[in-house]
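Residue strings, one per chain:
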Amino acid sequence: MSDYFDYEENAERAISITLIESGAFDGWLEKQNQTVQAWVSRQKFTASIGTHCWVPGDNGEPERVVAGWNGEASLATIGALPMSLPEGLYTLEGESHELALLGWGLGAYRFERYRESDREPARLVLGSHPHRERIANTVAATHLTRDLINTPAGDMLPSNLADEAMQVANTHDADCTVTVGDDLLDTGHGAIHAVGRASANAPRLIDIRWGNPKHPRVVVIGKGVCFDSGGLDIKPASGMRTMKKDMGGAATALGLAQLIMAQQLPINLRLMIPAVENAISGTAYRPGDVLNTYKGISVEVDNTDAEGRLVLCDALALAAEDEPALIIDYATLTGSARSAVGAEIAAMFCNDDEVAQGIHSAGAEQDDPVWRMPLHAGYAHMLKSKVADTANSAASPYGGAITAALFLEQFVEDVPWAHFDIMAFNVRNRPGRPEGGEAMALRAVYCYLEKRFGPGAVDDEVRAHAQPV
Ligand code: BES
Ligand code: ZN
Ligand code: ZN
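Since we're looking at a predicted model, the values are computed, not measured.

Parameters and conventions
- All residue numbers refer to position in the chain's written sequence, counted from 1.
- Naming scheme: in the order in which they are written, chains are lettered from A and ligands are numbered from 1.
- For this predicted model, a pLDDT threshold of at least 70 governs which residues receive local features, and a threshold of 80 or more governs which side-chain atom pairs are given and counted, while totals over whole chains, interfaces and linings are taken from all residues.
- Only hydrogens and water are removed before side-chain values are computed, so all heavy atoms of the structure are retained for them.
- Only protein atoms enter the 1 Å grid used here, on which a cavity is any set of points holding a 1.4 Å probe that cannot leave and a pocket is any open set flanked by protein within 12 Å on both sides along at least five of seven lines; residues with an atom within 4 Å of a point are listed as lining.
- Grid points are joined across faces, edges and corners, and a volume is the space filled by probe spheres set on the points.
- Secondary structure is summarised from DSSP: a helix means a run of H or I of at least four residues, a strand means a run of E of at least two, and numbering begins at the N terminus for each.
- Each residue gets one of three labels, nonpolar for Ala, Val, Leu, Ile, Met, Phe, Trp, Tyr, Cys and Pro, charged for Asp, Glu, Lys and Arg, and polar for the others, Gly among them.
- Between Lys or Arg on one side and Asp or Glu on the other, a salt bridge is scored when a side-chain nitrogen of the former is within 4 Å of a carboxyl oxygen of the latter.
- Only protein chains enter the accessibility calculation, which uses a 1.4 Å probe. A residue is then buried if its area is under 20% of the maximum for its type, exposed if over 50%, and partly exposed in between.
- Note that domain bounds follow an automatic or database assignment of domains.
- Contacts between residues were defined by any pair of non-hydrogen atoms, one from each residue, lying within 4.5 Å.
- Reported buried area values correspond to the accessible surface (1.4 Å probe) lost by two parts on association, with both partners' losses combined.
- Coordination here is defined by N, O and S atoms within 2.8 Å of the metal (3.2 Å for Na, K and Ca), and since water is not considered, a site can look incomplete.
- Metal sites are grouped by the angles between bound donors: all angles between 85 and 135 degrees with four donors is tetrahedral, opposite donors over 155 degrees apart with the others between 65 and 115 is square planar for four donors and octahedral for six, and any other pattern is irregular.
- To define a nonpolar core, start from buried Ala, Val, Leu, Ile, Met, Phe, Trp, Tyr and Cys residues and group those joined through side-chain atoms within 4.5 Å.
- A helix is expected to span 1.5 Å multiplied by its residue count minus one.
- Definition of nearness: a residue and a molecule or strand are near each other if at least one heavy atom of the residue lies within 4 Å of the molecule or strand.
- We call two N or O atoms a polar contact when they sit within 3.5 Å, provided that within protein one can donate a hydrogen and the other can accept it, with sequence-adjacent residues counted only if both atoms are side-chain atoms.
- Computed with a 1.4 Å probe, the accessible areas rest on the Shrake-Rupley method; for each residue, only the protein chains presented here act as cover.
- By this definition, two strands are paired if DSSP reports at least two bridges between them.

K.L.:
Lay out the layout of surface pockets with the relevant residues and their values.
P.N.:
Left-over empty space is what a probe sized like a water molecule reveals as it rolls over the atoms. Counted as a void, the largest pocket has a volume near 530 Å³. Here the lining of the largest pocket takes 3 residues from helix 12 (residues 335–341), the largest share from any one element. Residue composition of the lining of the largest pocket, grouped by class: 7 nonpolar, 9 polar and 12 charged.

K.L.:
Now, about the pattern of salt bridges: what can you tell me, with residues and values included?
P.N.:
The final tally for this structure, using the stated rule, is 21 salt bridges. Salt-bridge contacts for Asp322 lead to Arg270; the nearest nitrogen and oxygen are separated by 2.9 Å. Taken as a pair, Asp322 in the loop between helix 11 (308–321) and strand 14 (326–331) and Arg270 in strand 11 (residues 268–278) lie far apart in primary sequence, 52 residues in all. On the accessibility criterion, Arg270 (7% relative accessible area) is buried. Measuring nitrogen to oxygen at the nearest pair gives 3.7 Å for the salt bridge that ties Asp421 to Arg338.

K.L.:
Tell me about the domain arrangement of the chain, and name the residues and values.
P.N.:
How big an interface is tends to be expressed through the accessible area that disappears when the partners come together. In terms of domains, the chain is made up of domain 1 (5–127) and domain 2 (136–464). Between domain 1 and domain 2, the C-alpha centre-to-centre distance is 37 Å. Every contact between the two is made by 17 residues of domain 1 and, on the other side, 18 residues of domain 2. Counting the surface lost from both domain 1 and domain 2, the interface buries some 1500 Å², and carbon and sulfur atoms represent 65% of this. Contact with domain 2 buries area across many residues of domain 1, yet Leu75, Leu106 and Tyr109 alone supply 40% of it, more than any other trio.

K.L.:
Describe the coordination of the zinc ion (ligand 3), and please don't skip the residues or the numbers.
P.N.:
Protein coordination at the zinc ion (ligand 3): the donors are Lys223 (NZ), Asp228 (OD), Asp246 (OD) and Glu307 (OE), at 2.0 to 2.4 Å from the metal. Geometry at the zinc ion (ligand 3) is octahedral, judged from its 6 donor atoms and the angles of 77 to 173 degrees they form at the metal. Linear spacing of the donor residues for the zinc ion (ligand 3) on their chain is K-x4-D-x17-D-x60-E. Separation of the zinc ion (ligand 3) from the zinc ion (ligand 2) amounts to 3.2 Å, with Asp228 serving as a shared donor to the pair. For the pair shown, Lys223 and Asp228 are each scored as buried.

K.L.:
Talk me through the nonpolar core; I want residue IDs and the actual numbers.
P.N.:
With 63 residues, the main nonpolar core has Ile260, Tyr330, Ile359, Phe420 and Leu449 as its most contacted residues. With 9 residues, helix 10 (residues 248–262) is the single largest residue contributor to this core. Core analysis: the next-biggest nonpolar cluster, separate from the first, contains 47 residues, Ile297, Ala315, Leu333 and Val412 among them.

K.L.:
Explain helix 14 (residues 400–412) residue by residue, including any values.
P.N.:
With 13 residues, helix 14 should reach 18 Å at 1.5 Å per residue; the first-to-last C-alpha distance of 19 Å fits that figure. Most of helix 14 is tucked away, with 11 of its 13 residues classed as buried. Taken as a whole, helix 14 has its buried residues at Gly400, Ala401, Ile402, Thr403, Ala404, Ala405, Leu406, Phe407, Leu408, Phe411 and Val412. Phi turns positive one or two residues past the end of helix 14, at Glu413, with a value near 50 degrees.

K.L.:
Account for the site of ligand 1, naming residues and giving values.
P.N.:
For ligand 1, the set of nearby residues contains 15 residues, the closest of which are Lys235, Asp246, Asp305, Glu307 and Gly335. A distance of 3.2 Å separates an oxygen atom of ligand 1 from a polar side-chain atom of Lys223. Between ligand 1 and Lys235, the relevant distance is 2.8 Å, taken from an oxygen atom to a side-chain nitrogen or oxygen of the residue. Taking 520 Å² as the accessible area of ligand 1 by itself, protein coverage stands at 76%.

K.L.:
Go over the sheet that holds strand 1 (residues 5–6), please, and point to the residues and values.
P.N.:
In a beta sheet, neighbouring strands are held together by backbone hydrogen bonds and run either parallel or antiparallel to one another. Spatial ordering of the open sheet is given by 1-6-5-2-4-3, a layout of 6 strands whose pairing is mixed. The open sheet has two free edges, formed respectively by strand 1 and strand 3 (52–56), since each of these has just one partner strand.

Here is the structure:
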């Protein structure tokens, strides 16, 4: 099945794992025989979350595993086990929550492109869980997103990102067009071209379409800045060091698209990835340049390091043209969003209260936290330019994630839209969330889309004119 999940047929030879809630630990221990009690106390096991301990069978050999948890199903429930248990095959006793099983698959992730890991993850029998397909597809989508982010820019430039996207499109029989280099000028995407033109690897707009045209249209967009040097407004070394992850929005968008297609969600999907390298050369765009964007709004470049919003604005305007039911974008857009909500929460901006509420509660349900931030119109004055319709960055450093979102809002106008300013990276190890590239707000949005458009949500007729739930 995969190197972390196995089929039911093999359950017989698997080692059983029993979950014990920390609060119920004393009661459980009392009921065990003396030998088991001695083993448990020797291993200093108290059923705290993420820990496990071996228990002997009648022959005195280690026979099964007990694992601690806090009683709330989350990625952390068994997310630490695939890498802390010895390699081998395991089953989870009792009814298992989808989030816990997901946590196993997500905790089994390793990035092995340049060095093999010194161990295999432990494998879990997924058995006949009613949602095992969705679990496996969600894990695969998240692993794809992580691999793309973890791969350094040298091997993940715009052409590589386009190859990855085309591969996903081919697997699911989706249509894919890629507009490359100077052709972007012919199609009117002057901002994507300007940001990416200094790189030896030409800028491009990846555009994938999938699904039944009669189904509601949803567009997913991801910031694909394969490396962000800052451009002529060059970043200091410390700020540049992690910028291979500046295509984290694109990686998340591609992971979400893969999941939607694998699950055959009845929507008419469009995925757009503006893929560029924000590089420095004689052809680089400059502070003070004025760009012609796809929407016809002229943009003065105040700062070449505020490049993400420039590549996104050309994609957003194209997306809005079709008047879809919803536009979603993901972007590692601002340091300011990280100051506001830290590295472990996705900052969400949304021009529709019902959509925002729906995604927020789906995120809570999915252990994929998002927090809504304000599109405060009172800050729009900060984006004024003396020579063009708008500037790409505000003179004031305050509210940087908000002014970035306000910049984008000009290009979607009234189309329902949710924008995620994400970290796309785990800065520490947590069960189910290994350090490194991460898909943030992917499950929140997928769950929301499934509730709103999925089978059983509404009939086709209503779906075609669906309003936010
Ligand atoms: N890719 C960065 C934002 C970023 C930095 C995300 C660090 C995550 C971690 C983006 O292109 C950028 O440089 N933004 C600037 C905008 C400023 C120049 C207006 C920022 O946030 O400082
Ligand atoms: Zn930048
Ligand atoms: Zn950037």
